[in-house]
Amino acid sequence: DCVLDVGANVGYIALEVAAAARVDVRAFEPQPQLARAIAVSARLAQLEQVRGYAAAIGDSEGTIPLCLPGHSVHASIRTAAPGERTKLRCWNAAG
């Protein structure tokens, strides 16, 4: 069995599910710093079945822009959003 946590933030749900149900968990979080936090937390909790991905889930594969404001942890794929822009990997949820 495998659980997908899409928009995982810091991975709270992913880690809780992995610890309670002992299933594989794939946590998708577009913000790189939050995706790194998932990996660190899983390692500290000795939950090897948790895999974190710094990626978005969408209707097509490729890359999308991600706007990362310097004053907040809230990111946006809206092109008008303020902040540093980076390219983000996007996986096709349907395929």
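Bear in mind that the values here come from a model prediction, so they are computed numbers and not experimental data. Each residue is numbered by its place in its chain's sequence as written, counting from 1. Owing to the predicted nature of the model, reporting of local features is limited to residues with pLDDT of at least 70; listing and counting of side-chain atom pairs is limited to 80 or more, with chain, interface and lining totals taken over all residues. For side-chain calculations, the full set of non-hydrogen atoms in the structure is used, while hydrogens and water are omitted.

## Observations concerning the environment of Ala35
Logical step 1: Position of Ala35 relative to the elements: it lies in helix α2 (residues 32-44).
Logical step 2: Along the backbone, Ala35 and Val10 are 25 residues apart, and their C-alpha atoms lie at a distance of 6.8 Å.
Logical step 3: With residues up to four places along the chain from it excluded, the contact list for Ala35 reads Glu29, Tyr53 and Ala54. Secondary structure counts use DSSP, requiring at least four H or I residues in a row for a helix and at least two E residues in a row for a strand, with both numbered from the N terminus. Contact definition: two residues touch when any of their heavy atoms are within 4.5 Å.

## A look at the sheet that holds strand β2 (residues 24-28)
Logical step 1: In short, DSSP must find at least two bridges between two strands for them to pair. Spatial ordering of the open sheet is given by β1-β2-β3, a layout of 3 strands whose pairing is parallel. In this open sheet, the two strands that pair with only one neighbour each are β1 (2-6) and β3 (50-53). The mean inter-strand angle of the sheet, taken between neighbouring strand axes irrespective of direction, is 15°.
Logical step 2: Here β1 runs beside β2; their pairing, made up of 5 bridges, is parallel. Bridging from a neighbouring strand, Val3 pairs with Val25 of β2.
Logical step 3: Contacts from helix α1 (residues 12-21) reach β1, β2 and β3, with the element oriented near 180° to β2. To obtain an axis, a line is fitted to C-alpha atoms, over the contacting stretch when the element is a helix, and the angle between two such axes runs from 0 to 180 degrees between their N-to-C directions.

## Details of the confidence of the model for the protein chain
Logical step 1: Here the protein chain averages 85 in pLDDT, and 83% of its residues register 70 or above.
Logical step 2: By definition, pLDDT measures how confident the predictor is in each residue, and it falls between 0 and 100. Mean pLDDT across the elements of the protein chain bottoms out in strand β6 (residues 84-92) (71) and peaks in α1 (96).

## Things to note about α1
Logical step 1: Buried, partly exposed and exposed residues are distinguished by accessible area as a fraction of the type maximum, computed with a 1.4 Å probe on protein chains only: under 20%, between the cut-offs, and over 50%, respectively. Inspection of α1 places Ala14, Leu15 and Ala18 among the buried residues, and these make up the whole buried set. The buried residues of α1 occupy an angular sector of 95° when the element is viewed end-on, so they sit on one face. Facing away from the buried surface of α1 by more than 90 degrees, the exposed residues are Tyr12, Ile13 and Ala20.
Logical step 2: Along its buried surface, α1 packs onto β1, β2, α2 and β3.
Logical step 3: Within two residues after α1, Arg22 carries a phi angle of roughly 55°, on the positive side. What the arc covers is the set of directions going from the helix axis to the C-beta atoms.

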